[in-house]
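Coordinate analysis (summary)
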Amino acid sequence: MTEKFKILGQYIKDLSSETPDIETYLYVRDNISQYNLGIDINSKAIKNKMIEVNTTFKFEDKNKSLKKAYFEIVYSTVVQVNDDVKEKKELEKIILCDVQNKIYPNLEKALLDLLHNSGYPEIKFEKKIDFENLYSQKFN
């Protein structure tokens, strides 16, 4: 199967790590296993069948703890879609699955680098994100 898009460029659009003080750092270091990864994907048409796809990963504590650190990365990908892509459903799948599967290794590495450089070197993601499964859950 040939791909129906081409990645023209990808880059980190925004990167944020916030740990307010040493007490928060020590608390988060001991409780970071309670943090969850949130994903948001949005896109906007540029021109000539080009689309900017912004994938946001937020690694945060959803609990009511007062001591929290916050980590976010916005990863931007510029894709050009083939002329034969006409259906909205097909375009959604390209943006939400196919592009994500392509960029995921770079995005995961960037987020892990941010976490490691923020003082949490032991963090690993055990499971890879299954974008196909997320897509089918949302649209089926």
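Conventions we followed
Residues numbered from 1 in each chain as written. Predicted model: local features only at pLDDT ≥ 70, side-chain atom pairs only at ≥ 80, totals over all residues. Heavy atoms only, no water. Salt bridge = Lys/Arg side-chain N within 4 Å of Asp/Glu carboxyl O. Helix = DSSP H or I, 4+ residues; strand = E, 2+ residues; numbered from the N terminus. Buried < 20%, exposed > 50% of the residue type's maximum accessible area, 1.4 Å probe, protein only. Pairing = 2+ DSSP bridges. Axes fitted to C-alpha atoms, helices over the stretch in contact; angles between N-to-C directions. Contact = heavy atoms within 4.5 Å. Polar contact = N/O pair within 3.5 Å; in protein donor to acceptor, adjacent residues only side chain to side chain. Core = buried A, V, L, I, M, F, W, Y, C linked by side-chain atoms within 4.5 Å. Parallel < 35°, antiparallel > 145°, perpendicular 65-115°, else oblique. Left-handed = near helix turned anticlockwise from the far one by under 90°. Nonpolar A, V, L, I, M, F, W, Y, C, P; charged D, E, K, R; others polar.

**Details of the pattern of salt bridges**
When the charged atoms of two side chains lie near each other, side chains of opposite charge can form a pair. Applying the stated criterion across every chain, the model contains 12 salt bridges. The partner of E92 in a salt bridge is K88, with the nearest N and O atoms 3.9 Å apart. Of the two residues, E92 and K88 both sit in helix α2 (residues 88-117), four residues apart, roughly one turn of that helix. Residue K88 is classed as exposed on the basis of its relative accessible area of 64%. The shortest N-O distance in the salt bridge between D98 and K93 comes to 3.5 Å. Overall, the relative accessible area of 22% leaves D98 in the partly exposed class.

**Structural notes on the sheet that holds strand β2 (residues 36-45)**
Strands sit in the order β1-β4-β3-β2 across an open sheet of four strands; the sheet is antiparallel. Two strands lie at the open edges of the sheet, namely β1 (5-18) and β2, each paired on one side alone. The mean inter-strand angle of the sheet, taken between neighbouring strand axes irrespective of direction, is 15°. Of the pairings in the sheet, the one linking β1 to strand β4 (residues 70-81) comprises 12 bridges and is antiparallel in character. Within the sheet, the bridge partner assigned to Y11 lies in β4 and is S76. The strands touched by α2 within the sheet are β1, β2, β3 (50-60) and β4, with β4 carrying the most contacts at an inclination of about 140°.

**Overview of the environment of E52**
Secondary-structure assignment places E52 in strand β3. Overall, E52 belongs to the buried group, its relative accessible area being 9%. Considered as a pair, E52 and I95 are 43 residues apart in the sequence and their alpha carbons are 9.5 Å apart. Residues within four places of E52 in sequence aside, it is in contact with Y11, K13, N42, S43, K44, I46, S76 and T77. One polar contact links E52 to K13, side chain to side chain, over a distance of 2.7 Å. A polar contact of 3.2 Å, which involves the side chain of E52, links it to the side chain of S76.

**Things to note about the nonpolar core**
One finds I32 and F71 to be the most contacted residues of the largest nonpolar core, which totals 34 residues. When residues of this core are traced back to their parent elements, those giving at least two are β3, β4, α2 and α3 (131-139). Considering each element in turn, this core owes the most residues, 13 residues, to α2. The residues contacting I32, other than those within four sequence positions of it, are F59, F71, Y120, E122 and I123.

**Side note on the pairing of β4**
In terms of burial, β4 is a largely internal element, 10 of the 12 residues being buried. Pairing geometry for β3 and β4, over 11 bridges, is antiparallel. Each residue of the ladder has a partner; that of M50, found in β4, is Q80.

**Digging into the packing of α2 against α3**
Their axes nearest at 9 Å, the elements α2 and α3 cross at an angle of 155°. Comparing their axes, α3 and α2 come out roughly antiparallel. At the point where α2 passes α3, the crossing takes the right-handed sense. On α3, the residues touching K89, E92, K93, L96, C97, D98, Q100, N101 and Y104 of α2 are F131, E132, Y135 and F139. The residue makeup of the contact of α2 with α3, split by class, is six nonpolar, two polar and five charged.

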